[in-house]
Amino acid sequence: MDRPAMASVFRMRHVPASISGVRSLGRGQADPIFHSRPLGEAIRFIAQAEGQYDLSAVAVFYGDRQTPPLGNREIRQLWSEYGERWMEA
């Protein structure tokens, strides 16, 4: 993801987003269920969930139907670039 694309996603940090593809690592534990949340919060959750969940199939959906979802790699790039600023008002 290039810098202009990352900046565009960052500007959308307050739009509703949904998370899918997060799997529990614990034996016998249910996979987490996520409700709609702001994009910035969804990105922060995924960036900080490493080691707690299997994120190999994670996808964060936001915007309209034509907007491709963010995968683990893009989320890592975005978190690296903007860090805690995802939660700014």
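Quick caveat: nothing in here was measured; it's all calculated off a predicted structure.

Colleague: What's the story with the sheet that holds strand β3 (residues 37–38) in this structure? I'm lost.
Modeller: Within a beta sheet, neighbouring strands are joined by backbone hydrogen bonds and run either parallel or antiparallel to one another. Spatially, the 3 strands line up as an open sheet ordered β3-β1-β5, and their pairing is antiparallel. Each end of this open sheet is capped by a strand with a single partner; those strands are β3 and β5 (59–62). The pairing of strand β1 (residues 16–20) with β5 spans 4 bridges and is classified as antiparallel. Looking at the pairing, S18 lines up with F61 of β5.

Colleague: Whenever I open this one, the pairing of β1 confuses me. Can you help?
Modeller: Looking along a regular strand, one sees the side chains alternate between the two faces of the sheet. Going residue by residue along β1, you find A17 and I19 tucked away on one face and P16, S18 and S20 left uncovered on the opposite face. Where β1 and β3 come together, 2 bridges link them in antiparallel fashion. Paired with P16 across the two strands is P38, which belongs to β3.

Colleague: Can you walk me through the nonpolar core in this structure?
Modeller: If you look at the biggest cluster of nonpolar residues, it comprises 23 residues, and the most contacted ones within it are I43, V60 and L70. The element best represented in this core is helix α2 (residues 39–48), accounting for 5 residues. When residues no more than four places from it in sequence are discounted, the contact partners of I43 are V9, L70, I75, L78, W79 and W86.

Colleague: Even after reading the chapter, I still don't get the pattern of salt bridges, so can you show me in this structure?
Modeller: Close approach of charged atoms allows side chains of opposite charge to pair. Inspection of every chain in the model, using the stated rule, returns 4 salt bridges. In this structure, the salt-bridge partner of R76 is E50, at a minimum N-O distance of 2.5 Å. Of the two residues, R76 is situated in helix α3 (residues 72–82) and E50 in the loop between α2 and β4 (53–54); the sequence distance between them amounts to 26 residues. Judged by its relative accessible area of 53%, E50 is exposed.

Colleague: Got a minute to help me understand the environment of Q48 in this structure?
Modeller: Relative to the elements of secondary structure, Q48 occurs in helix α2. Judged by its relative accessible area of 43%, Q48 is partly exposed. Taking the C-alpha atoms as reference, Q48 lies 18 Å from P69; in sequence the two are 21 residues apart. Other than its neighbours up to four places away in sequence, Q48 contacts W79 and E84. Among the polar contacts made by the side chain of Q48, one reaches the side chain of E84 at a distance of 3.4 Å.

Thresholds, definitions, all that
Residues numbered from 1 in each chain as written. Predicted model: local features only at pLDDT ≥ 70, side-chain atom pairs only at ≥ 80, totals over all residues. Heavy atoms only, no water. Pairing = 2+ DSSP bridges. Helix = DSSP H or I, 4+ residues; strand = E, 2+ residues; numbered from the N terminus. Buried < 20%, exposed > 50% of the residue type's maximum accessible area, 1.4 Å probe, protein only. Core = buried A, V, L, I, M, F, W, Y, C linked by side-chain atoms within 4.5 Å. Contact = heavy atoms within 4.5 Å. Salt bridge = Lys/Arg side-chain N within 4 Å of Asp/Glu carboxyl O. Polar contact = N/O pair within 3.5 Å; in protein donor to acceptor, adjacent residues only side chain to side chain.

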